[in-house]
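# What the coordinates show
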Amino acid sequence: MINFPNTLPNPSYPMDVEFEDTSISSKFEDGSVQTRSKFTRSRDTFKITWKRLDMAEYNTLINFVKNVAKFKANAFYWTNPDTNVELLVRINAITNVQLVELEYHSVTLELQEV
């Protein structure tokens, strides 16, 4: 299985985490609401940002995204820096790629549990 590059520094803080709502609800004419679980587990989504990657780190990350993970195509193991738990995730999006100063980039990845 594929692993996220361990040569990259930890992402900058804050790290956003969203929890998937696994419930479904139906509203009725009389105003009542019926709810139930739709899925058996909730997949977390992580938005992680590196505010200052040097060129070598930036190239490592971009190579991983384009040629190894192939954007959303391949799942991979990533260790959550907050909990040190290894999770199977895929890339939902890569955004805010910016040259913040000469030879330093800022990048945001959105990862979702598989």
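Further up the page is the structure itself.
Looking only at helices and strands, the protein has 1 helix and 7 strands in total. On C-alpha atoms alone, the protein measures out to a radius of gyration of 18 Å, which is more than a quarter above the 13 Å that the 2.2 N^0.38 rule sets for 114 residues. Across its three principal axes, the protein shows a C-alpha extent of roughly 65 × 30 × 25 Å. Considering the protein as a whole, with its 114 residues, one finds that 32% of them fall into the buried category. Long-range contacts, defined here as pairs at least 24 residues apart, represent 59% of the contacts in the protein between residues at least 6 apart. As displayed, the protein has an accessible area near 7,500 Å², and 46% of this comes from carbon and sulfur atoms. Averaging the locations of the 12 positively and 15 negatively charged side chains of the protein gives two centres separated by 6 Å.

It is worth spelling out unusual backbone geometry at this point. A cis amide bond links tyrosine 13 to the next residue, proline 14, at an omega of 5°. Residues other than glycine seldom take positive phi values, yet lysine 70 does so here, at roughly 55°. Residue class for lysine 70 comes out partly exposed when judged on its relative accessible area of 46%. Phi angles above zero are rare outside glycine, and asparagine 96 is one such case at about 50°. Its place among the elements puts asparagine 96 in strand 6 (residues 86–101).

Where charged atoms of side chains with opposite charge meet at close range, the side chains can pair. Within the structure shown, the criterion is met by 3 salt bridges. Measuring nitrogen to oxygen at the nearest pair gives 2.9 Å for the salt bridge that ties arginine 43 to glutamate 20. Residue arginine 43 is found in the loop between strand 3 (33–37) and strand 4 (44–54), and its partner glutamate 20 is found in the loop between strand 1 (12–19) and strand 2 (23–27); the two are separated by 23 residues along the sequence. Looking at arginine 43, the relative accessible area reads 29%, which means it is partly exposed. Where arginine 41 meets glutamate 113, a salt bridge forms, and the shortest distance between an N and an O atom there is 3.7 Å. Residue arginine 41 is found in the loop between strand 3 and strand 4, and its partner glutamate 113 is found in strand 7 (residues 104–113); the two are separated by 72 residues along the sequence. Arginine 41 sits in the partly exposed class, given a relative accessible area of 41%. Among the residues examined, glutamate 113 registers a relative accessible area of 11% and is labelled buried.

This next bit is on the pairing of strand 6. Bridge analysis of strand 5 (residues 76–79) against strand 6 gives 4 bridges, and the strand direction is antiparallel. Note that in strand 6 the partner of threonine 79 across the bridge is glutamate 86. Hairpin geometry of strand 5 and strand 6 is characterised by an intervening segment of 6 residues between the two adjacent antiparallel strands and by a positive phi of about 60° at asparagine 84. Both strand 6 and strand 7 contribute to a ladder of 9 bridges, which runs antiparallel.

Conventions adopted
Residues numbered from 1 in each chain as written. Predicted model: local features only at pLDDT ≥ 70, side-chain atom pairs only at ≥ 80, totals over all residues. Heavy atoms only, no water. Helix = DSSP H or I, 4+ residues; strand = E, 2+ residues; numbered from the N terminus. Rg over C-alpha atoms; globule rule 2.2 N^0.38 Å. Buried < 20%, exposed > 50% of the residue type's maximum accessible area, 1.4 Å probe, protein only. Contact = heavy atoms within 4.5 Å. Areas by Shrake-Rupley, 256 points an atom, 1.4 Å probe, with all protein chains shown as cover. Lys, Arg positive; Asp, Glu negative; His and termini not counted. Charge placed at Lys NZ, Arg CZ, Asp CG, Glu CD. Salt bridge = Lys/Arg side-chain N within 4 Å of Asp/Glu carboxyl O. Pairing = 2+ DSSP bridges.

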